[in-house]
2 protein chains.
Amino acid sequence: MVLIAGAARAEDGYALWMRYVPMAPAQAVEARARLRELVAPEATPTQRAARDELLRGLEGLLGRAPRLSSGPIGEGTLLLGTPASSRWIATLGDEVRGLGPEGYLLRQTNIDGKETLVVAGGGDIGVLYGVFHLLRLLQTGASLDVLEIREAPRVKLRLLNHWDDLDGHVERGYAGASLWDWHKLPDWRDPRYTDYARANASLGINGTVLNNVNANALSLTPMYLEKAAALADVFRPYGIRVYLSARFSAPIEIGGLDSADPLDPRVRRWWRDKAREIHELIPDFGGFLVKANSEGQPGPQDYGRSHADGANLLADALADYGGVVMWRAFVYSHEVADDRAKQAHAEFIHQDGRFRPNVLLQVKNGPIDFQPREPFHPLFGAMPKTPLMMEFQITKEYLGFATHLVYLGTLYEETLRADTHARGAGSTVARVVDGSLHGSALTGMAGVANVGADRNWSGSHFDQANWYAFGRLAWNPDQSARDIARDWAAMTFSSDPAVVRPVVEMMMASREAAVDYMTPLGLHHLMARGHHYGPGPWVDGGPRADWTSVYYHRADRDGIGFDRSVRGSNAVAQYMPPVARVFGDVDRVPEPLLLWFHHVRWDHRMQSGRSLWDEMVHRYSRGVARVGDMRATWEGLRGRVDDARHREVAAFLRIQQREAQWWRDASLAYFQSINGLPLPAGEAPPPRPLAYYQSLRFPYAPGDGR
Amino acid sequence: MVLIAGAARAEDGYALWMRYVPMAPAQAVEARARLRELVAPEATPTQRAARDELLRGLEGLLGRAPRLSSGPIGEGTLLLGTPASSRWIATLGDEVRGLGPEGYLLRQTNIDGKETLVVAGGGDIGVLYGVFHLLRLLQTGASLDVLEIREAPRVKLRLLNHWDDLDGHVERGYAGASLWDWHKLPDWRDPRYTDYARANASLGINGTVLNNVNANALSLTPMYLEKAAALADVFRPYGIRVYLSARFSAPIEIGGLDSADPLDPRVRRWWRDKAREIHELIPDFGGFLVKANSEGQPGPQDYGRSHADGANLLADALADYGGVVMWRAFVYSHEVADDRAKQAHAEFIHQDGRFRPNVLLQVKNGPIDFQPREPFHPLFGAMPKTPLMMEFQITKEYLGFATHLVYLGTLYEETLRADTHARGAGSTVARVVDGSLHGSALTGMAGVANVGADRNWSGSHFDQANWYAFGRLAWNPDQSARDIARDWAAMTFSSDPAVVRPVVEMMMASREAAVDYMTPLGLHHLMARGHHYGPGPWVDGGPRADWTSVYYHRADRDGIGFDRSVRGSNAVAQYMPPVARVFGDVDRVPEPLLLWFHHVRWDHRMQSGRSLWDEMVHRYSRGVARVGDMRATWEGLRGRVDDARHREVAAFLRIQQREAQWWRDASLAYFQSINGLPLPAGEAPPPRPLAYYQSLRFPYAPGDGR
């Protein structure tokens, strides 16, 4: 009976980390005593959103919501507000000054002689953020006893980038169709849009780019702007601004002009008019994201102009409305024969200082393209006069799509903690991104979204953690990936340490496992062509060399790896000298990046004492074994995690293990065909010949670009 | 508080008509007394599915499920089983003989001196159907007092046809992406597949064609067959067989042959081998659906062979395994200049008797293509030696997509009740389809599915009713559309007559409203090109005349309509003489079909006394007004229907009203441009010039073919 009833209300992941299930009884008793009454303003949509979230959360966590009161303050009151919205908060004086519009304070205090829990914000949205923080404390089993939390975001623009097309396809999306039901917008505002906004606000994400960077000019036509405006209306109470990817050639395609030259006065006028039109529909429109002169997209270079000319054109159009331009640094040329890893740096380094103040340069974490492991991008730290915005990929284009459990918190952390040495030791990427290194006021971090219409939002339960981790790190780039994993696991599965501990261990080891079974030791870009599903180290030929695998691994009879040292492409020279010296020296480069920077003989001696080849085989096998470990750990959680989600994760881990094995076998079969070396003793040979792996075709793998 | 908690568990439509919400207290008391104990076999997956559905349903409806018992029979027992699975059922003797494997009996009886409610099936699946029937009675507030129900399906194959592509796109789908997550199959069997099977079984639907009739040969490769097999495993306990659309040229595309000639022995061997391969993976594989030599699809005519040759090729391959071929009659030639409405009949009529016994000819309800109103297809009744399978469209390609409330039960009923006169009066289409007219043992009805990954399955709450009505009519083609609407409304919204009555009235009037605002008086095929979204009576030119609107309406200065009388294309001659005489006579043809069969002067006097033109304008306006009526009715249900669904339906009705107005205005602006006639007094002129309506573009309207 119970089982059947349970099945009807199975955990399906829709609630994300906002499940608000009952707390442990003892803690609930304590919390109820502190949360008897709620005094909260309700004059604005954001105020009501904060109040409603709190009521929803507390009703779930505590079994009942606090009594709503308009004062006076009684014993055990939870008090929400800003100095402007609450006369009691205003009395807190210095404590609540300088919080900033998004900052908040969470503390126990005494008001009118009564024990009061205060969630004070610098602005309404700060209160909402504080409410989510308070709920998180309750969800993770933290005590409210000695609360003294003062938070403000370290990064100004904390954005999702949706690579969503107007027909509902999501480029590199593995979570179903686009969330945006363009056809039914603006009339039908799916309640799911509100839940999307809640989820983002719970992390402090404050903006969203609705459409693909491979942009369609139609997104800027009145019909689609009205649809975007409806979404903006839904998101606004949650502090989320709408942005759009702008196609550079839009003045031609939808404007009737014969040019998109950024210096053409007609073009400038067209964009100014367009910006005004957008702002009339979306008064708090955030601005444009632009992919220009990259992978076939139009751009200012089509007219002999620079990227700065292009970005400034749009920046000028938006300036009066407080909008920004996020200009992507992901450019590499078909014509330039030079190492692709060097091209973005070469293209932009000389334009530092030429951008308008409302332009950010949006730089991917590494110099190639969201590989399982890359060194940090050499532009970080190299453009002191330009705000550099981080672009992480949340969707797992190169990391096993939705079915591989790969926690990206550690990948993000690794990049953010990398030291650029731009201003001496300690010049971390995080300090570039948060603006503290070069004193930049405009700062940002973008994550390429992994959400879609799938019921669980992200295509898998564990991929929700990557959305979560991105948001938390955008708020504070110095947070620990492990702490974030701990919070997420507790909120998503159970705050029981017997669940949290093993789940966090799985997560923390997962990305290294994927690196091992896909691209160990600094290998990169070895996936199948086009859809990027599965291994393809043999990929060669086609429209451009730098879209092949052989371009990157350069394996031959003698050795493997891309020589980016001074003897090779000298990409290392794009880093600050202390970094360049380490990366450029085959004896000092961290082994995880060895083959990124060096071409090394197969018999090169590794720290383990093994030859490079033996070490590579060892790592491929180790990656597969680690997936086996994850499966065993997850098996141990049967009964502690609800059946529905346990079954789904178990099924996905089974897929992951088979595919990890496939990566290993196909890769080893290929590299053996190049080097002719035997496998070390005890290593199972690939069960099929290389030709088999090369013959596999997946024309409908999800998320393909087009 | 309550409101917020309610929102968290909002009715989102996922449960369909199987909501199992608490019954009225008085009825629940009575029902509980009759359903104290459950005695049910549980040896097979289908037996367990029946038992579990019952427990789930009763727990919801009655607040608690009956006690499970293995006997003896106590007072107030609900007894499930077949003569083979239950010794008590076996004692019922004659009563349960001859039910057939899918038939069932529902009655109160006395067993071992105890009042017992029996759900007896001829086979396990009959029991499951009976359980759904019993639950329906409880959901609709029927009494269990005088239960004496004996049911068996009138039609053997009751199938959904999914026009789902391998990339997740659904051709003519308006409910999100495909339900089938091909990429994660066969490993991950989404629980949703089980709910899909439950929903179908609740209606008696016993088969599903997984892939688009515009078929991809890859569906027949081992990789995809394994995925289809996983779905078949999920569906099997619910009595649902899997079928596949077969691409006729598959022997070339995936078989490595240079021909698909049905008389080529290599081709015959290839299909035999393929059938064996499929049956090894899917032992109860249902068979193939084929669209051949139609709209660019390959077929036997490519080799100078007949449709019968093609169908028999596949039928022979499947015969040993009990599989069938459903050969679509939807063919019309690019080369043939003749009236498209005549072509299917002309093509197939002479092949009657030439098909193998396991071939069905699948015929659309009307001779063109799922228009808001068509006369019945002239093939019905015309091929006594060939099983004719009905093909209805559930998805609303031509009826406003997901946002228009158009109940199709009345459309299906109209076709099924149409009298072909093939064997004298009373030779209804229903009697052709159920085989009783010509004594056909193999019978079938197919519905082009309207389900997708949208949470509510069908893209709108009211479109669920069309899935429901199709299933109920496939079981028994003589059921009343109104009765079906009543059941659906009670189960879906509330059994309160104050809800059921107005909802049923909305539904019953809705299709006529759409006919009025889109294509009144027998007009047809006036939609926009390609995606079919919105009006396009001006559509002309392009690749083929019979894909334009002007081909069908033939409006000129003097009149409008397609002359299919003996003076015109003489399509009427394809009907039996009594029908032909009526359709062919401008004075006797029913006015709703007037312009389908006749070209009529604008000043033609209608039964209303109005001129044709005035009547047409009147009907366009009336259709719009009726949508207004629906909105008003729905407004009156606020508070009686849950907020979440009320809001969504209200938003969709708003869209429908605006689009109905658009249809009217655009159509009238166009026809006025042809006939130069003024609007009747009191009729508002279109607010925009014709050029405006003609300029509208919707390149990403959902569901487009490709």
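Residues numbered from 1 in each chain as written. Chains lettered and ligands numbered in written order. Predicted model: local features only at pLDDT ≥ 70, side-chain atom pairs only at ≥ 80, totals over all residues. Heavy atoms only, no water.

## Observations regarding the overall build of chain A
Move 1: In terms of regular secondary structure, chain A is built from 22 helices and 16 strands.
Move 2: On C-alpha atoms alone, chain A measures out to a radius of gyration of 26 Å, which is about the 27 Å that the 2.2 N^0.38 rule sets for 706 residues.
Move 3: With the principal axes as the frame, chain A shows a C-alpha extent of 80 × 70 × 50 Å.
Move 4: In chain A, 72% of the contacts between residues at least 6 apart in sequence involve partners at least 24 apart.
Move 5: Accessible area for chain A stands at about 23,900 Å²; split by element, carbon and sulfur atoms hold 50% of it. (Helix = DSSP H or I, 4+ residues; strand = E, 2+ residues; numbered from the N terminus. Rg over C-alpha atoms; globule rule 2.2 N^0.38 Å. Contact = heavy atoms within 4.5 Å. Areas by Shrake-Rupley, 256 points an atom, 1.4 Å probe, with all protein chains shown as cover.)

## Quick look at the interface of chain B and chain A
Move 1: Counting residues at the interface gives 44 residues for chain B, matched by 44 residues for chain A.
Move 2: Together, the buried faces of chain B and chain A total about 3,400 Å²; carbon and sulfur atoms form 65% of this surface.
Move 3: Contact with chain A buries surface across chain B, with B:His183, B:Trp188 and B:Tyr700 losing the most and accounting together for 20% of the total.
Move 4: Between the two partners, chain B and chain A, sit six salt bridges.
Move 5: Here A:Asp12 and B:Arg455 are joined by a salt bridge, their closest N and O atoms 4.0 Å apart.
Move 6: Linking chain B with chain A are six residue pairs in polar contact (both at pLDDT 80 or more). (Buried area = accessible area lost by both parts, 1.4 Å probe. Salt bridge = Lys/Arg side-chain N within 4 Å of Asp/Glu carboxyl O. Polar contact = N/O pair within 3.5 Å; in protein donor to acceptor, adjacent residues only side chain to side chain.)

## A look at the relation of the copies chain B and chain A
Move 1: Placing chain B over chain A gives an RMSD of 0.0 Å and needs a rotation angle of 180°, together with 0.0 Å of translation along the axis. The transformation relating the two chain copies, once decomposed into turn and shift, fits a two-fold axis. Taking the C-alpha atom as reference, chain B places B:Ala177 closest to the rotation axis, 3.1 Å from it.
Move 2: When the interface residues of chain B are mapped onto chain A, 100% of them again fall at the interface, so both copies present the same face. (Least-squares fit on C-alpha atoms with pLDDT ≥ 70 in both.)

## A closer look at helix α14 (residues 464–475) of chain B
Residue and element names in this part refer to chain B.
Move 1: When the terminal C-alpha atoms of α14 are compared, their 17 Å separation across twelve residues agrees well with the 16 Å that a helix rising 1.5 Å per residue should span.
Move 2: Most of α14 sits out of view: twelve of its twelve residues are buried.
Move 3: Turning to α14, its buried residues number three or more, namely Gln-464, Ala-465, Asn-466, Trp-467, Tyr-468, Ala-469, Phe-470, Gly-471, Arg-472, Leu-473, Ala-474 and Trp-475. (Expected span 1.5 Å × (residues − 1). Buried < 20%, exposed > 50% of the residue type's maximum accessible area, 1.4 Å probe, protein only.)

## Comments concerning the pairing of strand β13 (residues 388–393) of chain B
Residue and element names in this part refer to chain B.
Move 1: In terms of burial, β13 is a largely internal element, six of the six residues being buried.
Move 2: Side chains of β13 alternate between two faces, with Leu-388, Met-390 and Phe-392 and Met-389, Glu-391 and Gln-393 buried alike.
Move 3: Pairing of strand β12 (residues 359–364) with β13 involves four bridges; the strand directions are parallel. Paired with Leu-361 across the strands is Leu-388, a residue of β13.
Move 4: One ladder, built from four bridges, connects β13 with strand β14 (residues 444–448); its direction is parallel. Its bridge partner being in β14, Phe-392 is matched across the sheet by Gly-447. (Pairing = 2+ DSSP bridges.)

## As for the sheet that holds strand β7 (residues 157–161) of chain B
Move 1: The parallel closed barrel is built from eight strands, whose spatial order is β7-β8-β9-β10-β11-β12-β13-β14 (chain B). Here the average twist between neighbouring strands, direction ignored, is 25°. (Axes fitted to C-alpha atoms, helices over the stretch in contact; angles between N-to-C directions.)

## A closer look at the packing of aromatic side chains
Move 1: The tally for this structure, following the rule as stated, stands at 84 aromatic pairs over all chains.
Move 2: Judged by centre distance (5.9 Å) and plane angle (75°), the ring pair of A:Trp182 and A:Tyr224 falls under edge-to-face. Residue A:Trp182 is found in the loop between β7 (157–161) and α6 (191–203), and its partner A:Tyr224 is found in helix α7 (residues 222–235); the two are separated by 42 residues along the sequence. The burial state of A:Trp182 is the same as that of A:Tyr224; both residues are buried.
Move 3: Each ring, one from B:Trp180 and one from B:Tyr193, has its centre 5.9 Å from the other, and the planes form 50°; the classification is tilted. Pair noted here: B:Trp180 is in the loop between β7 and α6 (191–203) and B:Tyr193 is in helix α6, with a separation of 13 residues, a long-range link. Assigned by exposure class, B:Trp180 and B:Tyr193 land together as buried. (Phe/Tyr/Trp six-rings, centres within 6.5 Å; stacked < 30°, edge-to-face > 60°.)

## Brief notes about the nonpolar core
Move 1: Ranked by size, the top nonpolar core spans 229 residues in total, and within it A:Phe235, A:Trp271, A:Trp327, A:Trp467, A:Met616, A:Trp634 and A:Phe671 carry the most contacts.
Move 2: Here this core takes eleven residues from helix α21 (residues 643–675) of chain A, the largest share from any one element.
Move 3: Contacts of A:Trp271, omitting those with residues within four sequence positions, involve A:Leu220, A:Ala246, A:Arg247, A:Phe248, A:Ala250, A:Pro251, A:Phe288, A:Leu313, A:Leu314 and A:Ala317.
Move 4: Membership of the second largest hydrophobic core comes to 227 residues, among which are B:Val406, B:Ala465, B:Ala580 and B:Val600. (Core = buried A, V, L, I, M, F, W, Y, C linked by side-chain atoms within 4.5 Å.)

## Structural notes on the pattern of salt bridges
Oppositely charged side chains are able to pair whenever their charged atoms sit close together.
Move 1: According to the stated counting rule, one finds 120 salt bridges over all chains in the structure shown.
Move 2: Linking A:Arg19 and A:Glu11 is a salt bridge whose minimum nitrogen-to-oxygen distance equals 2.8 Å.
Move 3: B:Glu148 is the salt-bridge partner of B:Arg107, the closest N and O atoms lying 3.5 Å from each other. Within this pair, whereas B:Arg107 is found in strand β4 (residues 104–111), its partner B:Glu148 is found in strand β6 (residues 148–151), the two being separated by 41 residues in sequence.

## Notes on the sheet that holds strand β8 (residues 207–209) of chain A
All names here are of chain A.
Move 1: What the eight strands build is a closed barrel, ordered β7-β8-β9-β10-β11-β12-β13-β14; its pairing is parallel. Here the average twist between neighbouring strands, direction ignored, is 25°.
Move 2: Alignment of β7 against strand β14 (residues 444–448), held across five bridges, turns out to be parallel. Opposite Leu-157, over in β14, you have Gly-444 as the bridge partner.
Move 3: Set on the sheet, α7 makes contact with β8 and β9 (241–245); between it and β9 the angle comes to about 150°.

## Details of the layout of surface pockets
All names here are of chain B.
Move 1: One number sums up the size of the second largest pocket: a volume of about 770 Å³.
Move 2: Taken together, 38 residues make up the lining of the second largest pocket; nearest its centre are Glu-171, Arg-172, Asn-214, Gly-705 and Arg-706.
Move 3: Here the residues of the lining of the second largest pocket are counted per class, giving 13 nonpolar, ten polar and 15 charged. (1 Å grid on protein atoms, 1.4 Å probe; cavity = no way out; pocket = protein on both sides within 12 Å on 5 of 7 lines; lining within 4 Å. Points joined across faces, edges and corners; volume = space filled by probe spheres on them. Nonpolar A, V, L, I, M, F, W, Y, C, P; charged D, E, K, R; others polar.)

## Considerations on unusual backbone geometry
Negative phi values dominate among residues other than glycine, just as trans dominates among peptide bonds.
Move 1: The step from A:Leu185 to A:Pro186 runs through a cis peptide bond, and the omega angle for that step is 0°.
Move 2: Topologically, A:Pro186 is positioned in the loop between β7 and α6.
Move 3: At A:Asn570, a position not held by glycine, the phi torsion is positive, near 60°.
Move 4: Inspection of the secondary structure puts A:Asn570 in the loop between β15 (559–560) and α18 (577–583).
Move 5: Unusually for a residue other than glycine, B:Phe370 sits at a positive phi of about 60°.
Move 6: Here B:Phe370 shows up in the loop between β12 and β13.

## Here's the deal with the confidence of the model for chain A
Caution is warranted with low-pLDDT regions, since their predicted coordinates should not be read in detail.
Move 1: For chain A, the mean per-residue pLDDT works out to 96, and 99% of the residues sit at or above 70.
Move 2: With a pTM of 0.97, the predicted complex shows an ipTM of 0.96. (pLDDT = per-residue confidence, 0-100.)

## Side note on the packing of helix α20 (residues 612–635) of chain A against α21(A)
All names here are of chain A.
Move 1: Orientation of α20 relative to α21, taken along the N-to-C sense of each, is 170°, at an axis distance of 9 Å. Looking at the two axes, α20 sits roughly antiparallel to α21.
Move 2: When its residues are assigned to classes, the contact of α20 with α21 shows 15 nonpolar, nine polar and five charged. (Parallel < 35°, antiparallel > 145°, perpendicular 65-115°, else oblique.)

## Comments concerning the environment of A:Gly530
All names here are of chain A.
Move 1: Of note, Gly-530 is situated in the loop between α16 (497–518) and α17 (550–553).
Move 2: Gly-530 sits 170 residues away from Tyr-700 along the chain, and the two C-alpha atoms are 11 Å apart.
Move 3: Not counting the four nearest positions on each side in its chain, Gly-530 is found in contact with Arg-172 and Asp-704.

## Topic: the side chain of B:Asp369
All names here are of chain B.
Move 1: Take Asp-369: it is sitting in the loop between β12 and β13.
Move 2: Engagement of the side chain of Asp-369 in a polar contact is seen with the side chain of Tyr-398, the distance being 2.7 Å.
Move 3: Other than its neighbours up to four places away in sequence, Asp-369 contacts Phe-330, Arg-340, Lys-364, Glu-374 and Tyr-398.

## Re the packing of helix α9 (residues 265–281) of chain A against helix α10 (residues 307–319) of chain A
All names here are of chain A.
Move 1: Contact geometry for α9 and α10: axes closest at 8 Å, N-to-C directions at 45°. Taken together, the axis directions place α9 and α10 in an arrangement best described as oblique. Considering how the two elements wind past one another, α9 and α10 form a crossing that is right-handed. Here Val-267, Arg-268, Trp-271, Arg-272, Ala-275 and His-279 of α9 come into contact with α10, specifically with Leu-313, Leu-314, Asp-316, Ala-317 and Leu-318. (Left-handed = near helix turned anticlockwise from the far one by under 90°.)

## Some words on the side chain of A:Arg51
Residue and element names in this part refer to chain A.
Move 1: In this fold, Arg-51 is placed in helix α3 (residues 45–62).
Move 2: You can call Arg-51 buried: its relative accessible area is 14%.
Move 3: Side-chain polar atoms of Arg-51 contact the side chain of Glu-42, separated by 2.3 Å.

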